[in-house]
Amino acid sequence: MAAGYDAASALAEFHETRAGVRGLVESGVTTVPPIFLMPAATSSSDPSSSTTTAASPLSIPVVDLSLPRSDTVELVRAAATSLGFFHVTNHGVRAAAVAAVRDFHEQPAAARSAFYSATAPPGRAYYSTIRYPPPQHGQPAALPLMPWRDSLIVPFFDGGEPDNLPAVCRDALLEYHRSLTTTTGFGKEMTALLSEALGLPAERLEQALPVEGSVMVCHYYPACPEPLRVVGTRDHTDHTVFTVLAQDDHVGGLQVRLDQGGGDGEWVDVAPVTGALLVNIGDVLQVVSNDEYKSVEHRVVLKSPQHVRVSVALFFQPAKCGESDFFGPLPELVTEGRPAHYRALTFPQLANYKRELGHARSSLDRFKI
């Protein structure tokens, strides 16, 4: 940012509009405001830079739930132990959530601003553009203050539903959440398949680590006049058990890092699959599987000045996540030839360290034995 530029004031003025990044687009901006710009020192040739795009898309494994169970389990095993991402088809989940999220974000500013909050109100849904955590522990300022992205955050803790969901998307989001979280829903099916793919009984993972779909994050990435100068979603791993993502079928922008060795692997595009849900392994499941499953870095880049990207992520986290609720590698996966790779830890410990790192990359190294 230019010398003398008051970023704090610019940030406050942006939040005061209560219109998000979408509001900037509606105002007709032709250049990106400084609080959204990548630092000048970040080079587009740097593989960690969010301006890097892949030359070709990656073929993400597809798990077809209509196949015989043994075939499905093998597909899940192959994907979870290698790439950590897979598409799921023939899942029976209605796809109305993405369209409903687009409807919310494309309402007039006056309608969506009623839900805007610069900070998270406890237990309530809210709309915001959430700034990146400031650098800590001497970290360089390698990111802009703000992503080019608006979000509707919907909490579902302890089985409850927020009572303030916007009317334009309430029914679709609640139906989508129920379809993923009921006792016969998609989330339970994934938990059972992931357990079987470890060579364990279908119910073992759920017994050891009950999960709940506790937070839904509905992202809207507006068209940007200078897409190579902004960040959509920074590189990170999810500190969840697993995440389920619904996204529009044609825009793309999601990328994964193929090889995390030394943090310098190649970023490649994840091509959307029409009608599929995308599942990715989180940090918690990498620990519980004793590194059998991979929690892989991913990010979102903006692809062009014309396209708008919409996605809905439901984060499946441990249902018991207090300060005394420890988890670690499952005993069945620890042998003399493959000792435990992690010490026991709690979800708050993992989440707190993730915040310290600014949600960048994996936070598991601190907990390795």
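Rules and cut-offs
- Residues numbered from 1 in each chain as written.
- Predicted model: local features only at pLDDT ≥ 70, side-chain atom pairs only at ≥ 80, totals over all residues.
- Heavy atoms only, no water.
- Core = buried A, V, L, I, M, F, W, Y, C linked by side-chain atoms within 4.5 Å.
- Buried < 20%, exposed > 50% of the residue type's maximum accessible area, 1.4 Å probe, protein only.
- Helix = DSSP H or I, 4+ residues; strand = E, 2+ residues; numbered from the N terminus.
- Contact = heavy atoms within 4.5 Å.
- Pairing = 2+ DSSP bridges.
- Axes fitted to C-alpha atoms, helices over the stretch in contact; angles between N-to-C directions.
- Salt bridge = Lys/Arg side-chain N within 4 Å of Asp/Glu carboxyl O.
- Phe/Tyr/Trp six-rings, centres within 6.5 Å; stacked < 30°, edge-to-face > 60°.
- Parallel < 35°, antiparallel > 145°, perpendicular 65-115°, else oblique.
- Nonpolar A, V, L, I, M, F, W, Y, C, P; charged D, E, K, R; others polar.
- pLDDT = per-residue confidence, 0-100.
- 1 Å grid on protein atoms, 1.4 Å probe; cavity = no way out; pocket = protein on both sides within 12 Å on 5 of 7 lines; lining within 4 Å.
- Points joined across faces, edges and corners; volume = space filled by probe spheres on them.
- Left-handed = near helix turned anticlockwise from the far one by under 90°.

**Section: the nonpolar core**
In this structure, Phe36, Leu173 and Tyr176 are the most contacted members of the largest nonpolar core, which totals 102 residues. Among the elements that make up this core, the one with the highest residue count is strand E6 (residues 211-221) (seven residues). Setting aside residues up to four positions removed in sequence, tyrosine 176 forms contacts with Val93, Arg94, Ala97, Met216, Val244, Ala246, Leu277 and Val312.

**Observations regarding the sheet that holds E6**
Read from one edge to the other, the open sheet built from eight strands follows the order E2-E3-E11-E8-E13-E6-E5-E4, with strand pairing classed as mixed. Both edges of this open sheet fall to strand E2 (62-64) and strand E4 (126-128), since each of them pairs with a single strand only. Strand-to-strand twist in this sheet, taken as the mean axis angle between neighbours without regard to direction, amounts to 25 degrees. Sheet topology places strand E8 (residues 242-247) next to strand E11 (residues 277-281); four bridges connect them, and they run antiparallel. Opposite valine 244, over in E11, you have valine 279 as the bridge partner. Along the sheet, helix H4 (residues 96-105) contacts E4, strand E5 (150-155), E6, E8 and strand E13 (309-318); its crossing angle with E13, the most-contacted strand, is approximately 115 degrees. Taken strand by strand, helix H7 (residues 186-196) contacts strand E3 (85-89), E6, E8, E11 and E13, and its axis lies near 130 degrees from that of E8.

**Some thoughts on the pattern of salt bridges**
Applying the stated criterion to the full structure yields 17 salt bridges. Residue arginine 94 is joined to glutamate 175 by a salt bridge in which the shortest nitrogen-to-oxygen separation is 3.2 Å. With arginine 94 in the loop between E3 and H4 and glutamate 175 in helix H6 (residues 170-181), this residue pair connects regions lying 81 residues apart in the sequence. A relative accessible area of 55% means that arginine 94 is categorised as exposed. In this structure, the salt-bridge partner of glutamate 161 is arginine 178, at a minimum N-O distance of 3.6 Å. Within this pair, whereas glutamate 161 is found in the loop between E5 and H6, its partner arginine 178 is found in helix H6, the two being separated by 17 residues in sequence. Taking relative accessible area as the criterion, glutamate 161 reaches 43% and is therefore assigned partly exposed. Ionic contacts of the salt-bridge type, sharing partners, join the residues Arg22, Glu26 and Arg112 into one network.

**Looking at the packing of aromatic side chains**
Per the counting criterion, the structure on display carries seven aromatic pairs. Aromatic pair phenylalanine 14 and phenylalanine 36: ring centres 5.4 Å apart, planes at 75 degrees, arrangement edge-to-face. Of this pair, phenylalanine 14 sits in helix H1 (residues 7-17) while phenylalanine 36 sits in the loop between helix H2 (20-26) and strand E1 (57-58); the two residues are 22 residues apart in sequence, bridging distant segments of the chain. Accessibility expressed as a relative area gives 6% for phenylalanine 14, which makes it buried.

**Brief notes about the packing of helix H3 (residues 69-82) against H7**
At a closest axis distance of 8 Å, the pairing of H3 and H7 adopts a crossing angle of 80 degrees. As judged from the angle between their axes, H3 and H7 are roughly perpendicular. Along its contact with H3, which presents Arg69, Thr72, Val73, Val76 and Ala80, the element H7 presents Glu189, Ala192, Leu193, Leu194 and Glu196. Considering only residue class, the contact of H3 with H7 consists of six nonpolar, one polar and three charged.

**Focus: the environment of tyrosine 126**
By secondary structure assignment, the location of tyrosine 126 is in strand E4. Placed 25 residues apart in sequence, tyrosine 126 and serine 151 show a C-alpha to C-alpha distance of 8.2 Å. Sequence-distant contacts of tyrosine 126, defined by excluding residues within four places in its chain, comprise Phe115, Ser117, Thr119, Ala120, Pro121, Ser151, Leu152 and Ile153.

**Some words on the confidence of the model for the protein**
Low pLDDT means the predicted atomic positions in that stretch should not be read closely. Overall, the prediction assigns the protein a mean pLDDT of 90, with 90% of residues at 70 or greater. Scored below 50 in pLDDT, residues 41-55 shows 34 contacts in the model against residues more than four places distant or in partner chains.

**Remarks on empty space enclosed by the protein**
Under the counting rule described, the total for this entry stands at two cavities of 30 Å³ or more. Its boundaries defined by the atoms lining it, the largest cavity holds a volume of some 60 Å³. Of the residues belonging to the lining of the largest cavity, the class tally is six nonpolar, three polar and two charged. As for the second largest cavity, its lining consists of Arg94, Ala96, Ala97, Ala172, Glu175 and Tyr176. Elements with a contribution of two residues or more to the lining of the second largest cavity: H4 and H6. By residue number, the principal contributor to the lining of the second largest cavity is H6, which donates three residues.

**Side note on the packing of H4 against H6**
Between H4 and H6, the least distance of the axes is 9 Å, while the angle of their chain directions is 150 degrees. Pair H4 / H6 crosses with left-handed handedness. Residues Ala96, Ala97, Ala100 and Val101 of H4 touch H6, and the partners they reach there are Ala172, Leu173 and Tyr176. Taken together, the residues of the contact of H4 with H6 sort by class into seven nonpolar, no polar and no charged.

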